[in-house]
Amino acid sequence: MLPTHDVDCPACGKFLYTAFSLEDVLAAEAPTSPKVESDAGGDYLRCKHCGARVPMKRITTSGGVGFRVADPAPR
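Draft legend 1. View of the overall build of the protein. In terms of helices and strands, the protein carries zero helices and seven strands. Counting from the amino terminus, the protein carries its helices and strands in the arrangement β-β-β-β-β-β-β. Against the compact-globule benchmark of 11 Å for 75 residues, the protein has a radius of gyration of 12 Å, which places it among compact chains. Dimensions of the protein, computed from the C-alpha atoms along their principal axes, are close to 35 × 25 × 25 Å. Here the protein holds 75 residues, and 28% of them are scored as buried. A fraction of 31% describes how many contacts in the protein between residues 6 or more apart in sequence connect residues 24 or more apart. Across the protein, 9 positive and 9 negative side-chain charges occur, with their mean positions spaced 5 Å apart.

Listed below in structure tokens is the structure:
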């Protein structure tokens, strides 16, 4: 079994999702994973604590499709 760890919301610091790898990947097809939503701005998770829209980056691995928190946009 893969090790898991919690990933926190970058806005409020509270729990966002449980990752199944050291790269903070959220398994898109796992029944306990939160639903990643999509709109014109891209893929995102909505933090259930603070309501922040957390941009997510789609990752394709040998295990299938997953997501991780996207790097902040350069300023």
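Now, onward.
Draft legend 2. Just the pattern of salt bridges, in detail. Counted according to the given criterion, the structure contains two salt bridges. Between Arg53 and Asp39 there is a salt bridge, with the nearest N and O atoms lying 2.6 Å from each other. Placement of Arg53 in strand 6 (residues 53-61) and of Asp39 in strand 4 (residues 37-39) is noted, with a sequence separation of 14 residues between them. For Asp43, the salt bridge is made with Arg58, and the minimal N-O distance between the two is 3.4 Å. Here Asp43, found in strand 5 (residues 42-46), pairs with Arg58, found in strand 6; they are 15 residues apart in sequence, far enough to count as distant.

Rules of the game
Throughout, residues of each chain are indexed from 1 in the direction in which the sequence is written. With the structure being a predicted model, the display of local features is reserved for residues of pLDDT at least 70 and the display and counting of side-chain atom pairs for 80 or more, all residues being used for whole-chain, interface and lining totals. The basis for the side-chain values is all heavy atoms of the structure; hydrogens and waters are excluded. Per the convention used, a helix needs a DSSP run of H or I reaching at least four residues, while a strand needs a run of E reaching at least two, with both numbered from the N terminus. For a compact globule the rule gives 2.2 Å times the number of residues to the power 0.38, and the radius of gyration it is set against comes from C-alpha atoms. When accessible area is computed with a 1.4 Å probe and restricted to protein chains, residues below 20% of their type maximum are described as buried, those above 50% as exposed, and intermediate ones as partly exposed. The contact rule is simple, with two residues in contact once any of their heavy atoms fall within 4.5 Å. His is not counted, nor are the chain ends; Lys and Arg add positive charge and Asp and Glu add negative charge. Just so you know, the charge point we use is NZ for Lys, CZ for Arg, CG for Asp and CD for Glu. What makes a salt bridge here is a side-chain nitrogen of Lys or Arg within 4 Å of a carboxyl oxygen of Asp or Glu, nothing more.

Without other data, these values stay purely geometric and don't point to any function.
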